[in-house]
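Tertiary structure, described
Okay, here's what each chain looks like letter by letter:
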Amino acid sequence: MSRLGFAAAFMATLLAATDARAGKDFGPVSYFRMALGRELFVSPGGSPGLELQNPSGQPDVDLLFGVDLSKYWGLEFAVNYVKTDLRATGDGKLGDFSTISGILQARLRYPMHNDRFVPYALFGAGYGFGDFSGRTDPMTFPIGGRSWSSQGILGGGAEYFIYRNLAFGLELRDTFLFRPELTVNGQQQAINADSVALTAGLRVYFDSPRSGKPGVNAHLPPAVDTAKFRPYIMVRGGQALFTDTNALKSSNIVIDSTSGPLLSGGFGANFSRYWGAEFAFEYARAQIRNPTNNVKISGYPVWTMLGFARLRYPTEHDKVVPYLSLGAGLGWAEKGDPDIPETVSGFHSPQQTTFVGAAAVGVDYFVQDDVALTLEARDTFNFATDVSLNGVPLKLHPDFVSFSAGIRVFFQ
């Protein structure tokens, strides 16, 4: 609580000092930030009999929307997700422990060197959700559950504008007073999920972030596509629908039709007004069940790395760009963390690689000359993997159709 009080006083002092001179010469500017990093738990063994894998087993994923209300301060809403292993103290992995948080935070900025270099400080609070899932063998440890907890945020960072409205930066974030609870031996037990995270990310402004009202909207290039060569990066999120869900129903294996959250990212380039190419990654997690009693058997993550040729057709004065993509590459799939022991389910699937194909349709809508919002529907096919049930070899077909929305950021 002392950290929270100090942060509140510090932020109030700085805002009071800057608001009088900053608010008069700067219009509000909105932005989106995407970042990846690693989380270091402050007290990984702070819960009796339990410990968190430290640092986090998987990357910290940050997405946020914000607005610079003046040259010196603004507001943000951030979503942070991380997953790590939860272990019994001195023993093996019990399962996965993941957290997802929604944070409202203030950001104090101090632009320097002609506004290109921007150090900043953060202060905020919100709620986080802690979840135990995907438990592993042995399955005799009495633990489970999920819960919400409040939390506070302190942090800071610095970023450098690589283009008029694109800034690359590093951020250090301290999460404190985060205590989601799990049920252990029939009793509620708090997990100390306080952490320090270091992330690297790209902040994408939807207008010029230069100070002074005359510079905010004046002389901006039109928010349209162009025919010149332009490299880009893209990131999308959505969901997958598996199309061959009952292929092995007679063998007591089915795939849930709907995946967990789908993530897609990649890079590419527009070569001309109509043609381009892209290299893309896509990840989704299926769920394997027993159709007789609907019991979960295991997660089944699938991911692809594909090369695409893209045919584009700009319309509406080049502001709206429908496209068609055709591609091929590699797909991977494997058995995830089991929901019941393999000795009980008899289900086995090692990691495998297979050739897959894909076709996609989508549309880009330009909100800046170098930023486009994008929607895409993609069919991934020819996905076939070898599994076994009680020693009997079987062929699984995790083909899927994905629906995603995101952003494409151009660098010329």
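Residues numbered from 1 in each chain as written. Predicted model: local features only at pLDDT ≥ 70, side-chain atom pairs only at ≥ 80, totals over all residues. Heavy atoms only, no water.

With respect to a nonpolar patch on the surface
The grouping of Phe229, Phe271, Tyr274, Trp275, Leu311, Tyr313, Leu324, Leu326 and Val361 at the surface amounts to a nonpolar patch, some 930 Å² of accessible area in total. Residue placement: Leu326 occurs in strand β18 (residues 320-333). By relative accessible area, Leu326 is classed as exposed at 52%. (Patch = residues over 30% accessible without salt bridge, like charges linked within 9 Å, V, L, I, M, F, W, Y side chains within 5 Å. Areas by Shrake-Rupley, 256 points an atom, 1.4 Å probe, with all protein chains shown as cover. Salt bridge = Lys/Arg side-chain N within 4 Å of Asp/Glu carboxyl O. Helix = DSSP H or I, 4+ residues; strand = E, 2+ residues; numbered from the N terminus. Buried < 20%, exposed > 50% of the residue type's maximum accessible area, 1.4 Å probe, protein only.)

Thoughts on the sheet that holds strand β11 (residues 187-190)
With respect to topology, three strands assemble into an open sheet ordered β7-β10-β11, the strand pairing being antiparallel. Single-partner strands in this sheet number two, and they are β7 (143-144) and β11. (Pairing = 2+ DSSP bridges.)

Re the pairing of strand β23 (residues 392-396)
As paired elements, strand β22 (residues 385-389) and β23 share five bridges and run antiparallel to each other. In the sheet register, Thr385 faces β23, and the bridge partner there is Leu396.

Details of the sheet that holds strand β19 (residues 347-348)
Backbone-to-backbone hydrogen bonds pair the strands of a sheet. The strands run either parallel or antiparallel. Reading across from one edge, β19-β22-β23 is the order of the three strands in this open sheet, with antiparallel pairing throughout. What marks the edges here is a single partner per strand, and that holds for β19 and β23. Here β19 runs beside β22; their pairing, made up of two bridges, is antiparallel. Bridging from a neighbouring strand, Phe347 pairs with Leu389 of β22.

Observations concerning the environment of Ser402
Along the polypeptide, Ser402 turns up in strand β24 (residues 400-410). C-alpha of Ser402 to C-alpha of Ser259: the two residues are 143 residues apart in sequence and 9.3 Å apart in space. Among residues more than four places away in sequence, those in contact with Ser402 are Gln239, Ala240, Leu262, Glu282, Glu376, Ala377 and Arg378. A polar atom in the side chain of Ser402 sits 3.1 Å from the side chain of Glu282. (Contact = heavy atoms within 4.5 Å. Polar contact = N/O pair within 3.5 Å; in protein donor to acceptor, adjacent residues only side chain to side chain.)

What to know about the environment of Gln188
Summarising the element assignment, Gln188 is placed in strand β11. In this structure the C-alpha to C-alpha distance between Gln188 and Gly144, which are 44 residues apart in sequence, comes to 9.8 Å. With sequence-adjacent residues up to four places away left out, Gln188 is seen in contact with Glu181, Leu182 and Thr183. Here Glu181 takes part through its side chain, which lies 3.2 Å from a polar atom of the side chain of Gln188. At a separation of 2.6 Å, a polar atom in the side chain of Gln188 contacts the side chain of Thr183.

Quick look at the packing of aromatic side chains
With the rule as written, the count across this model stands at 13 aromatic pairs. Ring plane angle 5° and centroid distance 6.1 Å describe the contact between Phe229 and Phe271, whose orientation is recorded as stacked. Here the residue Phe229 occupies a position in the loop between α2 (213-217) and β13 (230-242), and Phe271 occupies one in the loop between β15 (258-270) and β16 (275-290), the gap between them amounting to 42 residues. Connected via pairs of aromatic rings, a cluster forms that spans Tyr31, Phe161 and Tyr205. Lying over the aromatic face of Tyr323, Arg310 brings its terminal NZ or CZ to 4.7 Å of the ring centre. (Phe/Tyr/Trp six-rings, centres within 6.5 Å; stacked < 30°, edge-to-face > 60°. Lys NZ or Arg CZ within 6 Å of the ring centre and 35° of its normal.)

Focus on the pattern of salt bridges
Evaluated as defined, the whole model comprises 26 salt bridges. Across the pair Arg173 and Asp60 runs a salt bridge whose closest N-O atoms are separated by 2.9 Å. Pair noted here: Arg173 is in strand β9 (residues 166-176) and Asp60 is in strand β3 (residues 60-68), with a separation of 113 residues, a long-range link. Accessibility expressed as a relative area gives 5% for Arg173, which makes it buried.

Brief notes about empty space enclosed by the protein
For the structure on display, the rule yields two cavities of 30 Å³ or more. Along the walls of the largest cavity sit 14 residues, with Glu39, Asn80, Thr99, Ser101 and Arg173 positioned nearest its centre. Broken down by element, the residue count for the lining of the largest cavity peaks at three residues, all from strand β4 (residues 73-88). Here the residues of the lining of the largest cavity sort into five nonpolar, six polar and three charged. Every residue along the wall of the second largest cavity is listed here: Arg33, Asp62, Leu64, Ala78, Asn80, Gln105, Glu171 and Arg173. (1 Å grid on protein atoms, 1.4 Å probe; cavity = no way out; pocket = protein on both sides within 12 Å on 5 of 7 lines; lining within 4 Å. Points joined across faces, edges and corners; volume = space filled by probe spheres on them. Nonpolar A, V, L, I, M, F, W, Y, C, P; charged D, E, K, R; others polar.)

Brief notes about the nonpolar core
If you look at the biggest cluster of nonpolar residues, it comprises 26 residues, and the most contacted ones within it are Ile288, Tyr300, Val302 and Phe347. Residue contributions to this core peak at five residues, all from strand β17 (residues 295-312). (Core = buried A, V, L, I, M, F, W, Y, C linked by side-chain atoms within 4.5 Å.)

Thoughts on the confidence of the model for the chain
Summarising the model, the chain shows a mean pLDDT of 86, and 89% of its residues fall at 70 or more. At the low end of the mean pLDDT range in the chain sits helix α1 (residues 2-22), at 44; at the high end sits β18, at 96. Here residues 10-25 is a poorly scored stretch, pLDDT under 50, and it has 20 contacts once near neighbours within four places are set aside; other chains count. Taken as a whole, residues 211-218 scores under 50 in pLDDT and shows 17 contacts with residues more than four places along the chain or in a different chain. (pLDDT = per-residue confidence, 0-100.)

Side note on the side chain of Asp369
Structurally, the position occupied by Asp369 is in the loop between β20 (352-368) and β21 (371-381). Judged by relative accessible area, Asp369 falls into the buried class, the value being 9%. Polar side-chain contacts of Asp369 include one of 3.0 Å to the side chain of Arg164. Apart from residues no more than four positions distant in its own chain, Asp369 is found in contact with Tyr163, Arg164, Pro221, Pro222, Ala223, Val224 and Arg230.

Section: the environment of Phe32
Its place among the elements puts Phe32 in strand β1 (residues 29-41). Taking the C-alpha atoms as reference points, Phe32 and Val67, 35 residues apart in sequence, are found 8.8 Å from one another. Residues in contact with Phe32, not counting those within four places in the same chain, are Leu63, Leu64, Phe65, Leu202, Arg203, Val204, Phe206 and Ile407.

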